[in-house]
Amino acid sequence: MKEFPKIFIASTQIKKTNGNNYVGTLNLTIKGITKSMTLPFTFLLVNNVYTLKGVFSINRLDFKLGEESIILSDNVKIDIAFKAK
């Protein structure tokens, strides 16, 4: 993956649903292909540490990750966990 060494995620909108729960609309770029995604996540502040956690799925074929396969699933679950001070 020398040509595309990074994955980019850029939020376009964030809405609070309730409590510490949010839904973000984001642009996900993999291998130069950008798709709009929805990411439900939690956002907490505990002891001056911000924590964001969320899970979403993509179709790997939308981003030209591999080929069709009877062994591999097309859908890939992505877990995001981020901490910052």
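As shown above, the structure is provided for reference.
Residues numbered from 1 in each chain as written. Predicted model: local features only at pLDDT ≥ 70, side-chain atom pairs only at ≥ 80, totals over all residues. Heavy atoms only, no water.

### What about the packing of aromatic side chains?
Now for step 1: Per the stated rule, a full pass over the model turns up three aromatic pairs.
Now for step 2: Summarising the aromatic geometry, the rings of Y22 and F43 are spaced 6.4 Å apart at their centres and angled 90° between planes, so their arrangement reads as edge-to-face. Of this pair, Y22 sits in strand β2 (residues 21–30) while F43 sits in strand β3 (residues 33–46); the two residues are 21 residues apart in sequence, bridging distant segments of the chain.
Now for step 3: Three or more aromatic residues joined by ring pairs make a cluster, and in this case those are Y22, F41, F43 and Y50. (Phe/Tyr/Trp six-rings, centres within 6.5 Å; stacked < 30°, edge-to-face > 60°. Helix = DSSP H or I, 4+ residues; strand = E, 2+ residues; numbered from the N terminus.)

### Here we look at unusual backbone geometry
Now for step 1: One non-glycine residue, N47, adopts positive backbone phi at about 50°.
Now for step 2: Position of N47 among the secondary structure elements: in the loop between β3 and β4 (49–59).
Now for step 3: The phi dihedral of N48 is positive, around 65°, even though this residue is not glycine.
Now for step 4: With respect to the element layout, N48 can be found in the loop between β3 and β4.
Now for step 5: Residue classification places N48 among the exposed residues on the basis of a relative accessible area of 62%. (Buried < 20%, exposed > 50% of the residue type's maximum accessible area, 1.4 Å probe, protein only.)

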